[in-house]
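If you want the building blocks of each chain, they are given just below.
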Amino acid sequence: MKALERILADFGSPADAGPARLAAAEALSTHALPTRRDENWRYANLRALEAVRTFLPGPAPSISPALPPALPGYSRLVFIDGRLQPQHSLPDTALLGSLRRSAAGSADAGPVPFAFSGDGRFGLIARMFAPEPIALRVAGSLALELISITTAQACGSYLELDLELAAHAQLELVERHLGGAGPTGLSCVQVDLQLAEQAQSTHTRLLQGAPDALHYDTVAVTVGAGAQYLLRQVSAGAQTARSTIQVRLSGREARTQIRALATAHEAQVCDALFTVLHEAPGTRSDQLFRGIASDRAHVACSADVQVSAGAPGARVVQSLRGLIDGAGAEVDLRPRLTINTDEVQAAHGATTGRLDEDLLFYLLARGLSPVEARSLLKWAFLAEALNAIDAPALRRAAGQGAAARLADTPATELLQ
Amino acid sequence: MNAPLLKIDQLSASAGGAPVLHGVSLEVNAGEVHAIMGPNGSGKSTLAHVLAGRPGYVITGGTVRFDGADLLALPAEERARAGLFLGFQYPVEIPGVSNAYLLKAALNACRRQRGEQDIDAFDFLNLVRDKMRTMHIDEALLTRGVNEGFSGGEKKRNEILQMLVMEPRLALLDETDSGLDIDALKIVGRGINSLRAAERAVVVITHYQRLLDYVVPDQVHVLARGRIVRSGDRALALELERRGYDWLLEAAPAMA
């Protein structure tokens, strides 16, 4: 049986499935899974899905995970295999009170419009199976760290997160996806984030799944008038990792800045699709991606910016760079810019290559060893994306994760 | 008499299959400053890069001894650690690597080679600040990426700053004076002179003699068509300034 048939069979017809879950299953059945013939999925490793034995969520875990140190000033929610672990979480009273669990797909769960558009189909799978989806409305200001640990072996770990920011609200959101100690299976994450006017959010995502994990995540963001969404994403884990991210700038003068990096080694496949839709006048987007593929790894990034006819005065900046650092390594970058209006300022560029020999020689001529010089240059290559993470502890954790996937580990000083 | 610090004997090299150096011979003693002048394309920068160990050149003949050791047998980083410094004509920009990091890494590489411990962070800052004052470099540049967004003059002064921090036995300065205004030229000249010592030597590669007003050489050599065609004292540089290089080219045999 193909993966789609098994997903639908595993889902079955549960008596307690709410309308949202049933709608997700129906949509997935209609649209089917993407294939490599789909332009936005040609570099994703979809064959790995065929090896998943069961898509059912794993049983309730009974482990006591090793958690990273708490981030100062942040509330923390810990999920293991998609299930909230209150005993490991650090939620304040207000946060606990506002967690609106959508109770396995109740009618109040949003429609996930992005998922239905095609590229968010893995978001549908997360919705179908997530054992404890959560929804949260932020009215004031919140710093929230969400740790998701996948331990489920040979079955699924699903997480669905629905966040809504009221006008002028502020959210510092950190997502950390980690692997357990043993072998893991499939991890599917769906995040839906809506920013009302003048709201602001910095969303930091560290994807550091176990070396054998399959991780597919879907993030759909809607940015209202005058609101600002900053995304920092560091992808440095899992055997197969695919991020599908869509940011809709739906309100006048809505802004987004994306700083993303990916490092992959051995035979990892790390693929990302960033779509930014300019739908209102005066909107701005600024995307930067840096990827390094070592050994036989494959790093891919598609960055698609679409400026609609209703978005005059839009400003678009896009910079994609890839570094090939292995005989069998591959980097594919695809910048795409579609403009359907006048009065647009747009600058974009994409380059892929190997380490610059001139830079390398300069460092050797200063006495640095070839290993140190290469490591330093790779670190410098990632710096612009990495340094966009403001919190030092988080930046250090992100750096260490990225460094673990480089052929040459940078000096400790650089990881501070 | 002591052996020369640098002894180049009949050095020949090619780049991209084309011969560039045709039997260059040169001796530089500790404590001396030499200037190598010559027209465009004469092989000056090639000589500097071959000595510093840049990949891409093929040594087709000759030997080079540096402080008694076979220089050509060493990879580039070991040449640097042994005390050979190349000041680049076109210093590269390395965003993401701070000046401070590179200076410290370079200094510690040299210290380890000498059997010394890595420098303490406090001592390093004191040392660098002192050298930065000599080179009139704003301390704020320490935290900036290497040469990132620097003006041409700042890049060249930064090269000399690196040299002062590393304290090499032999400095090869490849057209360090190019693109400098008169004030920057004086600062660079002052920086080079501050390194002059009985145990060190400096080789200045330049098109013009104006740097030599500030860094007075003991010997001047003219490199033309891949070989040294004339050597003399500072008066030779002044003569080149008056007469140009044509009269020497006419006297130099064309190489096959």
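Before any of the text, the structure's been laid out above.
Anyway, here's the lowdown on the structure attached to this text. (Residues numbered from 1 in each chain as written. Chains lettered and ligands numbered in written order. Predicted model: local features only at pLDDT ≥ 70, side-chain atom pairs only at ≥ 80, totals over all residues. Heavy atoms only, no water.)

Looking at the overall build of chain A
We apply this condition: The helix and strand labels rest on DSSP assignments: H or I over at least four residues marks a helix, E over at least two residues marks a strand, and numbering proceeds from the N terminus. Relative accessibility under 20% of the residue-type maximum defines a buried residue, over 50% an exposed one, and the middle range a partly exposed one, all with a 1.4 Å probe and only protein chains included. The contact definition used throughout considers only heavy atoms, calling two residues in contact when any of these lie within 4.5 Å. For every accessible area listed, the method is Shrake-Rupley and the probe measures 1.4 Å; residues are considered covered only by the protein chains on display.
Counting its secondary structure elements, chain A contains 8 helices and 19 strands. In chain A, buried positions account for 61% of the 416 residues. Sequence-distant contacts, at least 24 apart, represent 82% of the contacts inside chain A between residues at least 6 apart. When the accessible surface of chain A is totalled, it reaches about 15300 Å², and 49% of it is carbon and sulfur.

Describing the sheet that holds strand β2 (residues 83–84) of chain A
Either a parallel or an antiparallel arrangement is found when strands of a sheet pair, and the pairing is made through backbone hydrogen bonds. Residue and element names in this part refer to chain A. Rule in force here: The criterion for strand pairing is that DSSP finds at least two bridges linking the strands in question. Structural elements are reduced to axes, namely lines fitted to C-alpha atoms, with helices fitted over the stretch in contact, and the angle between N-to-C directions of any two is expressed from 0 to 180 degrees.
One open sheet holds the 10 strands; their spatial order is β2-β1-β5-β7-β9-β11-β13-β15-β17-β19, and the pairing between them is mixed. Strand pairing shows two members of the sheet lacking a second neighbour, β2 and β19 (345–353), which therefore form its edges. Of the strand pairs in this sheet, strand β13 (residues 255–264) and strand β15 (residues 284–294) are connected by 10 bridges, and their pairing is parallel. Within the sheet, the bridge partner assigned to Thr 256 lies in β15 and is Ser 285. Running over the sheet, helix α7 (residues 370–386) touches β11 (228–235), β13, β15 and β17 (315–325) and is turned about 155° from β15. Each of β7 (170–179), β9 (200–208), β11 and β13 touches helix α8 (residues 392–403); the most contacted strand, β9, lies at about 35° to it.

Focus: the packing of helix α1 (residues 3–11) of chain A against helix α2 (residues 19–31) of chain A
All names here are of chain A. Our working rule: An angle below 35 degrees is treated as roughly parallel, one above 145 as roughly antiparallel, one from 65 to 115 as roughly perpendicular, and anything else as oblique. Note: crossing handedness is left-handed where the near helix turns anticlockwise from the far helix by less than a right angle, and right-handed where it turns clockwise. Residue polarity is assigned by list, with Asp, Glu, Lys and Arg as charged and Ala, Val, Leu, Ile, Met, Phe, Trp, Tyr, Cys and Pro as nonpolar; anything else, Gly included, falls into the polar class.
Close contact between α1 and α2 brings their axes to 11 Å; oriented N to C, the two are set at 160°. Comparing their axes, α2 and α1 come out roughly antiparallel. Considering only the axes of α1 and α2, their crossing is left-handed. Where α1 approaches α2, its residues Leu 4, Ile 7, Leu 8 and Phe 11 are matched on the opposing element by Arg 21, Leu 22, Ala 25, Leu 28 and Ser 29. A class-by-class count of the residues in the contact of α1 with α2 yields 7 nonpolar, 1 polar and 1 charged.

Looking at the nonpolar core
Formally: In these notes, a set of buried Ala, Val, Leu, Ile, Met, Phe, Trp, Tyr and Cys residues joined through side-chain atoms within 4.5 Å is what counts as a nonpolar core.
In terms of nonpolar packing, the biggest core is built from 70 residues, with Leu363(A), Ile8(B), Leu11(B), Leu51(B), Ile94(B) and Leu170(B) touching the most fellow members. In terms of residues, this core owes the most to one element, α7(A), which gives 9 residues. When residues no more than four places from it in sequence are discounted, the contact partners of Ile8(B) are Val24(B), Ser25(B), Leu26(B), Leu47(B), Leu51(B), Thr63(B) and Val64(B). Ranked by size, the runner-up nonpolar core spans 59 residues in total, among them Ala227(A), Tyr229(A), Ala272(A) and Ile324(A).

Some points on the interface of chain A and chain B
The following threshold applies: Buried area, as used here, totals the accessible surface that two parts lose on assembly, with accessibility defined by a 1.4 Å probe and the loss added over both. The term salt bridge refers to a pairing of a side-chain nitrogen on Lys or Arg with a carboxyl oxygen on Asp or Glu at a separation within 4 Å. Polar contact is the term for a pair of N or O atoms within 3.5 Å; when the atoms are in protein, one must be able to donate a hydrogen and the other to accept it, and sequence-neighboring residues count only if both atoms are side-chain atoms.
Taken together, the contacts link 20 residues of chain A with 31 residues of chain B. On the chain A side of the contact with chain B, Phe361(A), Tyr362(A) and Arg366(A) bury the most area, a combined 39% of that side's loss. For Glu159(B), the salt bridge goes to Arg366(A), with nearest N and O atoms at 2.8 Å. For the pair chain A and chain B, the interface holds 7 residue pairs in polar contact (both at pLDDT 80 or more). Where the side of chain A that touches chain B is concerned, the elements lending two or more residues are α6 (357–364) and α7 of chain A. The residue inventory of the side of chain A that touches chain B, partitioned by class, reads 14 nonpolar, 2 polar and 4 charged.

A closer look at helix α4 (residues 121–134) of chain B
Residue and element names in this part refer to chain B. Stated precisely, the cut-off is as follows: The length a helix should cover is 1.5 Å for every residue beyond the first.
Here α4 contains 14 residues, and its C-alpha end-to-end distance of 20 Å stays within 8% of the 20 Å for a straight helix at 1.5 Å per residue. Where α4 is buried, its residues contact α3 (99–113) and α5 (152–166). Its side-chain oxygen placed 3.0 Å from the backbone nitrogen of Phe 122, Asp 120 serves as the N-cap of α4.

Structural notes on the packing of α2(A) against helix α5 (residues 121–129) of chain A
All names here are of chain A. Across the interface, α2 lies against α5 with an axial gap of 8 Å and an inter-helix angle of 145°. Classified by chirality, the crossing of α5 by α2 is left-handed. Between α2, through Ala 20, Arg 21, Ala 24, Ala 25, Ala 27, Leu 28 and His 31, and α5, the contact on the second element is made entirely by Arg 121, Leu 124, Ile 125, Arg 127, Met 128 and Phe 129. Looking at the contact of α2 with α5, its residues break down into 9 nonpolar, 1 polar and 3 charged.

Some thoughts on the pattern of salt bridges
All names here are of chain A. If you walk through the whole model with that rule in mind, you get 28 salt bridges over all chains. Notably, a salt bridge pairs Arg 176 with Glu 145, separated by 3.4 Å at the nearest N-O pair. In this pair, Arg 176 is assigned in strand β7 and Glu 145 in strand β5 (residues 141–150), connecting sequence segments 31 residues apart. Here Arg 176 and Glu 145 have matching classes, each one buried. Put simply, Glu 39, Arg 42 and Arg 334 are held in one network by salt bridges that share partners.

Here's the deal with the sheet that holds strand β6 (residues 84–87) of chain B
All names here are of chain B. Pairing is mixed in the open sheet, where 6 strands are placed in the order β6-β9-β10-β3-β11-β12. A strand with exactly one partner marks an edge of an open sheet, and here the two such strands are β6 and β12 (227–232). Each strand of the sheet is rotated relative to its neighbour by a mean of 20°, with strand direction disregarded. Pairing between strand β11 (residues 219–224) and β12: 5 bridges, direction antiparallel. Bridge pairing in β12 links Val 220 to Gly 232. Along the sheet face, α5 touches β6 and β9 (170–174) and points at about 170° away from the line of β6.

What about unusual backbone geometry?
Residue and element names in this part refer to chain A. Despite not being glycine, Ala 238 has its phi angle at roughly 70°, a positive value. Considering the arrangement of structural elements, one finds Ala 238 in the loop between β11 and β12 (240–249). Residue Ala 238 is classed as buried on the basis of its relative accessible area of 2%. The phi angle at Glu 343 is positive, at roughly 55°, despite the residue not being glycine. Locating Glu 343 in the fold gives a position in the loop between β18 (330–339) and β19.

Overview of the packing of aromatic side chains
Put simply, the test is: For Phe, Tyr and Trp, where Trp contributes only its six-membered ring, two rings pair if their centres lie within 6.5 Å, and the inter-plane angle classes them as stacked under 30 degrees, edge-to-face over 60, or tilted in between.
Overall, the coordinates contain 6 aromatic pairs over all chains when judged by the stated rule. Note on Phe122(A) and Tyr216(A): the rings are 4.3 Å apart at their centroids and 5° apart in plane angle, and the pair reads as stacked. Of this pair, Phe122(A) sits in helix α5 while Tyr216(A) sits in strand β10 (residues 214–223), and the two are 94 residues apart along the sequence. Tyr216(A) sits in the buried class, given a relative accessible area of 1%. Ring centres 4.8 Å apart and planes at 50° place the aromatic pair Tyr362(A) and Phe88(B) in the tilted group. Remark: Phe88(B) occurs in the loop between β6 and β7 (94–98) and Tyr362(A) occurs in helix α6; the pair is interchain, linking two chains. Neither residue differs from the other here; Tyr362(A) and Phe88(B) are each classed as buried.

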